[in-house]
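# Inside the fold
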Amino acid sequence: MLEEVLMGMSQEQKSLPSKYFYDKKGSELFDRITDLKEYYPTRTEVQILMENIDSFHEYLGDHIVLIEPGSGSSTKTRILLDRLVGIEAYVPIDISSEYLHKVAKDLQDEYPEIEIRPLSADYIHPFDLPEDLPPGRPIVFFPGSTIGNFSPETVREFLEVVYDLIGKEGGFLIGVDLKKDREILLAAYNDSEGVTAEFNKNILRHINRLLGTDFKPDSYEHEAIWNEEESRIEMHLISKTDQQVCVNDRRYTIRKGESIHTENSHKYSLQQFKKMVEPWFGVKKVWTDDEQLFSIQYLEPRS
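So, here is what we can say about the structure in this document. (Residues numbered from 1 in each chain as written. Predicted model: local features only at pLDDT ≥ 70, side-chain atom pairs only at ≥ 80, totals over all residues. Heavy atoms only, no water.)

### Remarks on the environment of Ser 10
Topologically, Ser 10 is positioned in the loop between α1 (2-9) and α2 (24-33). Measuring from C-alpha to C-alpha, the distance between Ser 10 and Tyr 252 comes to 7.9 Å, with 242 residues separating the pair along the chain. At 3.3 Å, the side chain of Ser 10 forms a polar contact with the side chain of Tyr 252. (Helix = DSSP H or I, 4+ residues; strand = E, 2+ residues; numbered from the N terminus. Polar contact = N/O pair within 3.5 Å; in protein donor to acceptor, adjacent residues only side chain to side chain.)

### Points about the sheet that holds strand β11 (residues 259-266)
Read from one edge to the other, the open sheet built from three strands follows the order β7-β8-β11, with strand pairing classed as antiparallel. Sheet topology places β7 (220-227) and β11 at the edges, where each strand pairs with a single neighbour. Adjacent strand axes in the sheet meet at a mean angle of 20° when their direction is disregarded. Bridge count for strand β8 (residues 232-239) against β11 is seven bridges, and the pairing is antiparallel. Considered in β11, the bridge of Leu 237 is made with Ile 260. (Pairing = 2+ DSSP bridges. Axes fitted to C-alpha atoms, helices over the stretch in contact; angles between N-to-C directions.)

### Notes on the environment of Ile 203
Inspection of the secondary structure puts Ile 203 in helix α9 (residues 195-211). Here the alpha-carbon distance between Ile 203 and His 101, two residues 102 residues apart in the chain, equals 21 Å. Leave out the neighbours within four places in its chain, and Ile 203 touches Leu 16, Pro 17, Ser 18, Tyr 20, Phe 21, Leu 237 and Thr 262. (Contact = heavy atoms within 4.5 Å.)

### Digging into the packing of aromatic side chains
Two descriptors summarise a pair of aromatic rings, namely the distance from one centre to the other and the angle between the planes of the rings. All told, the structure shown has 19 aromatic pairs when counted by the stated rule. Aromatic ring contacts, followed pair by pair, group Tyr 123, Phe 142, Phe 150, Phe 158, Tyr 163, Phe 172 and Phe 281 into a single cluster. (Phe/Tyr/Trp six-rings, centres within 6.5 Å; stacked < 30°, edge-to-face > 60°.)

### Describing the nonpolar core
One finds Met 9, Leu 16, Ile 203 and Phe 215 to be the most contacted residues of the largest nonpolar core, which totals 33 residues. Counting residues per element, the ones that place at least two in this core are α1, α2, α8 (182-189), α9, β7, β8, β9 (243-247) and β10 (250-254). With five residues, α9 is the single largest residue contributor to this core. Ile 67, Ile 124, Phe 158 and Leu 159 belong to the second-largest nonpolar core, a separate cluster that totals 30 residues. (Core = buried A, V, L, I, M, F, W, Y, C linked by side-chain atoms within 4.5 Å. Buried < 20%, exposed > 50% of the residue type's maximum accessible area, 1.4 Å probe, protein only.)

### Points about the pattern of salt bridges
For the structure shown, the criterion picks out 19 salt bridges. Residues Glu 258 and Lys 14 are paired through a salt bridge, measuring 2.8 Å at the closest nitrogen-oxygen approach. Pair noted here: Glu 258 is in the loop between β10 and β11 and Lys 14 is in the loop between α1 and α2, with a separation of 244 residues, a long-range link. Each member of the pair, Glu 258 as well as Lys 14, is classed as buried. It is possible to trace a salt-bridge network through shared partners that takes in Glu 4, Lys 19 and Asp 122. (Salt bridge = Lys/Arg side-chain N within 4 Å of Asp/Glu carboxyl O.)

### A look at the pairing of strand β12 (residues 281-288)
Of the strand pairs in this sheet, β12 and strand β13 (residues 294-301) are connected by seven bridges, and their pairing is antiparallel. The residue of β13 that forms the bridge with Lys 285 is Tyr 298. Remark: five residues form the turn of the hairpin made by β12 and β13, two consecutive strands paired antiparallel; Gln 292 in that turn has positive phi of roughly 60°.

### Some details on the environment of Ile 174
With respect to the element layout, Ile 174 can be found in strand β6 (residues 171-177). Overall, Ile 174 belongs to the buried group, its relative accessible area being 1%. Counting along the chain gives 121 residues from Ile 174 to Ser 295, while the straight-line C-alpha distance between them is 8.4 Å.

### Here's the deal with unusual backbone geometry
For Asp 249, which is not glycine, the phi torsion reads 70° and is therefore positive. Its place among the elements puts Asp 249 in the loop between β9 and β10. We classify Asp 249 as exposed; its relative accessible area is 75%. Not every positive phi belongs to a glycine, and Gln 292 is a case in point at roughly 60°. Its location among the elements puts Gln 292 in the loop between β12 and β13.

### Some words on empty space enclosed by the protein
Per the stated rule, a full pass over the model turns up one cavity of 30 Å³ or more. Taken as a whole, the largest cavity holds about 40 Å³ of empty space. In terms of residue count, the dominant contributor to the lining of the largest cavity is helix α3 (residues 40-51) (three residues). Partitioning the lining of the largest cavity into residue classes produces three nonpolar, three polar and two charged. (1 Å grid on protein atoms, 1.4 Å probe; cavity = no way out; pocket = protein on both sides within 12 Å on 5 of 7 lines; lining within 4 Å. Points joined across faces, edges and corners; volume = space filled by probe spheres on them. Nonpolar A, V, L, I, M, F, W, Y, C, P; charged D, E, K, R; others polar.)

### Structural notes on the side chain of Thr 34
By the element assignment, Thr 34 lies in the loop between α2 and α3. For Thr 34, the residues in contact, after removing those within four places along its chain, are Tyr 39 and Thr 42.

### With respect to α2
When α2 is considered as a whole, its buried residues turn out to be Gly 26, Ser 27, Leu 29 and Ile 33. Around the axis of α2, the buried residues are gathered within 160° of arc, so they sit on the same side. Residues of α2 that are buried sit in contact with α6 (97-110) and α9. (Arc of directions from axis to C-beta.)

If you want it as C-alpha coordinates, here you go:
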(Lines give C-alpha, C1' and ligand atoms only; values in the text may rest on other atoms or scores of the structure.)
Protein backbone atom coordinates (compact mmCIF):
# COMPACT_ATOMS: atom_id res chain seq x y z
CA MET A 1 0.00 0.00 0.00
CA LEU A 2 2.81 2.40 0.90
CA GLU A 3 4.60 1.74 -2.39
CA GLU A 4 1.42 2.33 -4.38
CA VAL A 5 0.61 5.58 -2.57
CA LEU A 6 4.18 6.88 -2.96
CA MET A 7 4.14 6.02 -6.66
CA GLY A 8 0.77 7.66 -7.24
CA MET A 9 1.64 10.86 -5.38
CA SER A 10 4.94 11.16 -7.28
CA GLN A 11 3.26 11.38 -10.72
CA GLU A 12 2.52 14.62 -12.53
CA GLN A 13 -1.16 13.65 -12.27
CA LYS A 14 -1.34 12.55 -8.67
CA SER A 15 -3.42 9.43 -8.08
CA LEU A 16 -4.44 6.89 -5.45
CA PRO A 17 -5.50 3.26 -6.08
CA SER A 18 -9.29 2.97 -6.01
CA LYS A 19 -9.15 -0.35 -4.12
CA TYR A 20 -8.36 1.68 -0.99
CA PHE A 21 -11.87 3.11 -0.98
CA TYR A 22 -12.91 -0.10 0.74
CA ASP A 23 -12.29 -0.15 4.42
CA LYS A 24 -15.36 -0.87 6.58
CA LYS A 25 -16.62 2.71 6.26
CA GLY A 26 -15.98 2.78 2.52
CA SER A 27 -17.85 -0.48 2.00
CA GLU A 28 -20.82 0.88 3.93
CA LEU A 29 -20.80 4.12 1.93
CA PHE A 30 -20.72 2.19 -1.34
CA ASP A 31 -23.73 0.17 -0.20
CA ARG A 32 -25.54 3.50 0.29
CA ILE A 33 -24.50 4.63 -3.19
CA THR A 34 -26.10 1.56 -4.74
CA ASP A 35 -29.47 2.63 -3.32
CA LEU A 36 -29.35 6.17 -4.75
CA LYS A 37 -31.92 7.08 -7.41
CA GLU A 38 -29.21 8.41 -9.75
CA TYR A 39 -27.08 5.27 -9.52
CA TYR A 40 -28.56 3.04 -12.24
CA PRO A 41 -26.01 0.13 -12.31
CA THR A 42 -27.17 -1.71 -9.20
CA ARG A 43 -30.92 -1.67 -9.73
CA THR A 44 -30.47 -2.47 -13.42
CA GLU A 45 -28.17 -5.39 -12.74
CA VAL A 46 -30.47 -6.71 -10.03
CA GLN A 47 -33.35 -6.59 -12.51
CA ILE A 48 -31.32 -8.59 -15.05
CA LEU A 49 -30.39 -11.14 -12.39
CA MET A 50 -33.97 -11.56 -11.19
CA GLU A 51 -35.44 -11.89 -14.67
CA ASN A 52 -32.93 -14.40 -16.02
CA ILE A 53 -32.19 -16.76 -13.14
CA ASP A 54 -33.38 -19.85 -15.05
CA SER A 55 -31.12 -18.97 -17.96
CA PHE A 56 -28.14 -18.56 -15.61
CA HIS A 57 -28.76 -22.03 -14.26
CA GLU A 58 -28.70 -23.42 -17.79
CA TYR A 59 -25.17 -22.09 -18.32
CA LEU A 60 -23.69 -22.52 -14.81
CA GLY A 61 -24.78 -26.10 -14.12
CA ASP A 62 -26.03 -28.02 -11.08
CA HIS A 63 -23.02 -28.32 -8.76
CA ILE A 64 -20.91 -25.20 -8.46
CA VAL A 65 -18.47 -23.44 -6.16
CA LEU A 66 -19.32 -19.75 -6.45
CA ILE A 67 -16.32 -17.41 -6.11
CA GLU A 68 -16.84 -13.65 -5.83
CA PRO A 69 -13.86 -11.25 -5.95
CA GLY A 70 -14.70 -7.93 -4.31
CA SER A 71 -17.79 -9.36 -2.66
CA GLY A 72 -18.65 -6.39 -0.41
CA SER A 73 -22.06 -6.95 1.17
CA SER A 74 -22.85 -9.85 -1.23
CA THR A 75 -26.25 -8.27 -1.91
CA LYS A 76 -26.50 -9.42 -5.54
CA THR A 77 -25.04 -12.80 -4.67
CA ARG A 78 -28.01 -13.46 -2.41
CA ILE A 79 -30.17 -13.54 -5.56
CA LEU A 80 -28.10 -16.49 -6.78
CA LEU A 81 -27.90 -18.12 -3.35
CA ASP A 82 -31.69 -17.89 -3.01
CA ARG A 83 -32.62 -19.12 -6.46
CA LEU A 84 -29.89 -21.25 -8.01
CA VAL A 85 -29.98 -24.95 -7.26
CA GLY A 86 -26.68 -26.69 -6.64
CA ILE A 87 -24.42 -24.05 -5.07
CA GLU A 88 -22.20 -26.22 -2.89
CA ALA A 89 -19.98 -23.43 -1.53
CA TYR A 90 -19.56 -19.68 -1.72
CA VAL A 91 -16.16 -17.98 -1.45
CA PRO A 92 -16.52 -14.22 -0.92
CA ILE A 93 -13.22 -12.39 -1.45
CA ASP A 94 -12.55 -8.84 -0.30
CA ILE A 95 -9.66 -6.62 0.69
CA SER A 96 -11.64 -5.27 3.69
CA SER A 97 -11.17 -8.19 6.08
CA GLU A 98 -13.27 -6.91 8.99
CA TYR A 99 -16.31 -6.20 6.83
CA LEU A 100 -15.84 -9.43 4.86
CA HIS A 101 -15.95 -11.68 7.90
CA LYS A 102 -18.97 -9.91 9.34
CA VAL A 103 -20.89 -10.42 6.09
CA ALA A 104 -19.70 -14.04 5.81
CA LYS A 105 -20.94 -14.84 9.33
CA ASP A 106 -24.36 -13.41 8.53
CA LEU A 107 -24.47 -15.38 5.27
CA GLN A 108 -23.61 -18.65 7.00
CA ASP A 109 -26.51 -18.06 9.39
CA GLU A 110 -28.84 -17.34 6.44
CA TYR A 111 -27.66 -20.26 4.28
CA PRO A 112 -26.62 -23.10 6.61
CA GLU A 113 -26.79 -25.62 3.74
CA ILE A 114 -24.08 -23.74 1.75
CA GLU A 115 -20.48 -23.70 2.93
CA ILE A 116 -19.38 -20.06 3.25
CA ARG A 117 -15.58 -19.68 3.08
CA PRO A 118 -14.45 -16.01 3.19
CA LEU A 119 -11.03 -15.10 1.86
CA SER A 120 -9.27 -11.78 2.50
CA ALA A 121 -7.10 -11.05 -0.53
CA ASP A 122 -6.16 -8.53 -3.19
CA TYR A 123 -7.78 -10.47 -6.02
CA ILE A 124 -5.90 -8.65 -8.79
CA HIS A 125 -2.91 -10.84 -7.94
CA PRO A 126 -2.84 -14.66 -7.91
CA PHE A 127 -4.29 -16.25 -4.77
CA ASP A 128 -5.17 -19.72 -3.51
CA LEU A 129 -8.73 -20.75 -2.73
CA PRO A 130 -9.49 -22.07 0.77
CA GLU A 131 -8.56 -25.70 1.25
CA ASP A 132 -11.08 -28.57 1.41
CA LEU A 133 -13.83 -26.87 -0.54
CA PRO A 134 -16.72 -29.14 -1.54
CA PRO A 135 -16.43 -30.51 -5.09
CA GLY A 136 -18.09 -28.41 -7.73
CA ARG A 137 -17.58 -26.46 -10.93
CA PRO A 138 -15.73 -23.19 -10.17
CA ILE A 139 -17.76 -20.16 -11.23
CA VAL A 140 -16.36 -16.66 -10.71
CA PHE A 141 -19.14 -14.11 -10.17
CA PHE A 142 -17.99 -10.52 -10.69
CA PRO A 143 -21.07 -8.27 -10.64
CA GLY A 144 -21.22 -4.49 -10.69
CA SER A 145 -19.09 -2.43 -13.03
CA THR A 146 -15.80 -3.11 -11.24
CA ILE A 147 -14.05 -4.34 -14.39
CA GLY A 148 -14.49 -0.78 -15.67
CA ASN A 149 -12.43 0.57 -12.76
CA PHE A 150 -9.33 -1.24 -13.95
CA SER A 151 -6.60 0.12 -16.18
CA PRO A 152 -5.93 -1.94 -19.34
CA GLU A 153 -2.90 -3.49 -17.64
CA THR A 154 -4.92 -4.41 -14.54
CA VAL A 155 -7.69 -5.86 -16.72
CA ARG A 156 -5.15 -8.20 -18.29
CA GLU A 157 -3.76 -9.19 -14.88
CA PHE A 158 -7.25 -9.86 -13.52
CA LEU A 159 -8.37 -11.89 -16.52
CA GLU A 160 -5.25 -14.03 -16.23
CA VAL A 161 -5.93 -14.60 -12.52
CA VAL A 162 -9.52 -15.69 -13.23
CA TYR A 163 -8.43 -17.86 -16.17
CA ASP A 164 -5.89 -19.72 -14.03
CA LEU A 165 -8.26 -19.92 -11.05
CA ILE A 166 -11.20 -21.63 -12.75
CA GLY A 167 -9.31 -23.90 -15.16
CA LYS A 168 -10.67 -25.10 -18.46
CA GLU A 169 -13.92 -26.43 -16.95
CA GLY A 170 -14.96 -23.28 -15.07
CA GLY A 171 -17.17 -20.32 -15.93
CA PHE A 172 -17.13 -16.56 -15.47
CA LEU A 173 -20.28 -14.48 -14.88
CA ILE A 174 -19.51 -10.77 -15.04
CA GLY A 175 -21.34 -7.44 -14.94
CA VAL A 176 -20.32 -4.93 -17.61
CA ASP A 177 -21.52 -1.32 -17.75
CA LEU A 178 -22.39 -0.20 -21.27
CA LYS A 179 -21.86 3.05 -23.15
CA LYS A 180 -24.77 5.49 -22.80
CA ASP A 181 -25.77 9.15 -22.65
CA ARG A 182 -23.18 11.20 -20.72
CA GLU A 183 -25.85 12.98 -18.65
CA ILE A 184 -26.97 9.65 -17.16
CA LEU A 185 -23.35 8.88 -16.30
CA LEU A 186 -22.56 12.25 -14.74
CA ALA A 187 -25.67 12.12 -12.56
CA ALA A 188 -24.76 8.63 -11.33
CA TYR A 189 -21.34 9.74 -10.09
CA ASN A 190 -22.34 13.20 -8.76
CA ASP A 191 -25.35 12.30 -6.65
CA SER A 192 -27.47 15.04 -5.09
CA GLU A 193 -27.09 13.66 -1.54
CA GLY A 194 -23.30 13.84 -1.62
CA VAL A 195 -22.77 10.18 -0.73
CA THR A 196 -20.35 9.63 -3.62
CA ALA A 197 -18.37 12.68 -2.51
CA GLU A 198 -18.07 11.25 0.99
CA PHE A 199 -17.08 7.87 -0.45
CA ASN A 200 -14.38 9.54 -2.57
CA LYS A 201 -12.93 11.44 0.41
CA ASN A 202 -12.95 8.28 2.54
CA ILE A 203 -9.95 6.97 0.61
CA LEU A 204 -7.89 9.67 2.31
CA ARG A 205 -9.16 8.70 5.77
CA HIS A 206 -8.40 5.04 5.10
CA ILE A 207 -4.84 5.79 3.97
CA ASN A 208 -4.32 8.15 6.93
CA ARG A 209 -5.37 5.42 9.33
CA LEU A 210 -3.17 2.69 7.88
CA LEU A 211 -0.10 4.66 6.81
CA GLY A 212 -0.09 7.56 9.28
CA THR A 213 -0.35 10.12 6.47
CA ASP A 214 -1.87 13.56 7.05
CA PHE A 215 -4.32 14.03 4.20
CA LYS A 216 -7.06 16.53 5.13
CA PRO A 217 -10.23 15.12 3.53
CA ASP A 218 -12.32 18.24 4.15
CA SER A 219 -9.85 20.35 2.15
CA TYR A 220 -10.84 18.55 -1.07
CA GLU A 221 -13.91 18.64 -3.26
CA HIS A 222 -15.29 15.64 -5.14
CA GLU A 223 -15.56 15.88 -8.90
CA ALA A 224 -16.62 13.29 -11.48
CA ILE A 225 -16.09 14.04 -15.17
CA TRP A 226 -16.73 12.20 -18.46
CA ASN A 227 -13.60 11.56 -20.54
CA GLU A 228 -14.96 10.99 -24.04
CA GLU A 229 -11.63 10.00 -25.58
CA GLU A 230 -11.04 7.24 -23.00
CA SER A 231 -14.76 6.35 -22.70
CA ARG A 232 -14.70 6.60 -18.93
CA ILE A 233 -15.96 8.48 -15.90
CA GLU A 234 -13.07 9.86 -13.85
CA MET A 235 -13.33 10.64 -10.14
CA HIS A 236 -11.03 13.29 -8.71
CA LEU A 237 -10.43 15.06 -5.42
CA ILE A 238 -9.78 18.75 -6.10
CA SER A 239 -7.67 20.64 -3.58
CA LYS A 240 -9.42 23.73 -2.21
CA THR A 241 -6.14 25.35 -1.23
CA ASP A 242 -2.36 25.09 -1.49
CA GLN A 243 -1.36 22.34 0.91
CA GLN A 244 1.15 19.63 1.67
CA VAL A 245 0.86 15.99 2.67
CA CYS A 246 3.50 13.82 4.31
CA VAL A 247 3.81 10.17 3.18
CA ASN A 248 6.50 8.14 4.95
CA ASP A 249 8.62 11.28 5.59
CA ARG A 250 8.23 12.44 1.98
CA ARG A 251 6.35 15.71 1.60
CA TYR A 252 4.23 16.44 -1.47
CA THR A 253 2.89 19.86 -2.43
CA ILE A 254 -0.64 20.02 -3.78
CA ARG A 255 -1.67 23.31 -5.36
CA LYS A 256 -5.11 24.88 -5.17
CA GLY A 257 -7.21 23.43 -7.99
CA GLU A 258 -4.87 20.45 -8.47
CA SER A 259 -6.51 17.04 -8.42
CA ILE A 260 -5.80 13.60 -7.05
CA HIS A 261 -7.24 11.04 -9.47
CA THR A 262 -8.94 8.29 -7.47
CA GLU A 263 -10.97 6.17 -9.89
CA ASN A 264 -11.83 5.42 -13.50
CA SER A 265 -15.04 3.74 -14.60
CA HIS A 266 -14.76 2.62 -18.22
CA LYS A 267 -17.90 1.99 -20.25
CA TYR A 268 -17.85 -0.58 -23.05
CA SER A 269 -19.80 -1.52 -26.12
CA LEU A 270 -20.55 -5.24 -26.36
CA GLN A 271 -18.05 -5.57 -29.21
CA GLN A 272 -15.30 -3.73 -27.29
CA PHE A 273 -15.70 -5.99 -24.29
CA LYS A 274 -15.71 -9.13 -26.40
CA LYS A 275 -12.48 -8.08 -28.09
CA MET A 276 -10.86 -7.19 -24.75
CA VAL A 277 -11.46 -10.61 -23.16
CA GLU A 278 -11.00 -12.86 -26.19
CA PRO A 279 -7.32 -13.79 -25.53
CA TRP A 280 -8.61 -15.66 -22.45
CA PHE A 281 -12.38 -16.08 -22.72
CA GLY A 282 -15.17 -16.53 -25.21
CA VAL A 283 -18.46 -14.71 -24.59
CA LYS A 284 -21.17 -17.37 -24.63
CA LYS A 285 -24.22 -15.36 -23.55
CA VAL A 286 -25.18 -11.73 -22.90
CA TRP A 287 -28.17 -10.51 -20.90
CA THR A 288 -29.16 -6.80 -20.92
CA ASP A 289 -32.01 -4.59 -19.77
CA ASP A 290 -34.47 -3.07 -22.25
CA GLU A 291 -32.63 0.27 -22.31
CA GLN A 292 -29.22 -1.35 -22.89
CA LEU A 293 -27.78 0.39 -19.83
CA PHE A 294 -26.02 -2.62 -18.38
CA SER A 295 -25.13 -6.21 -19.22
CA ILE A 296 -24.36 -9.48 -17.48
CA GLN A 297 -22.16 -11.73 -19.58
CA TYR A 298 -21.26 -15.39 -19.31
CA LEU A 299 -17.73 -16.30 -20.39
CA GLU A 300 -15.87 -19.59 -20.71
CA PRO A 301 -12.10 -20.10 -20.91
CA ARG A 302 -10.56 -20.61 -24.32
CA SER A 303 -8.57 -23.79 -24.83
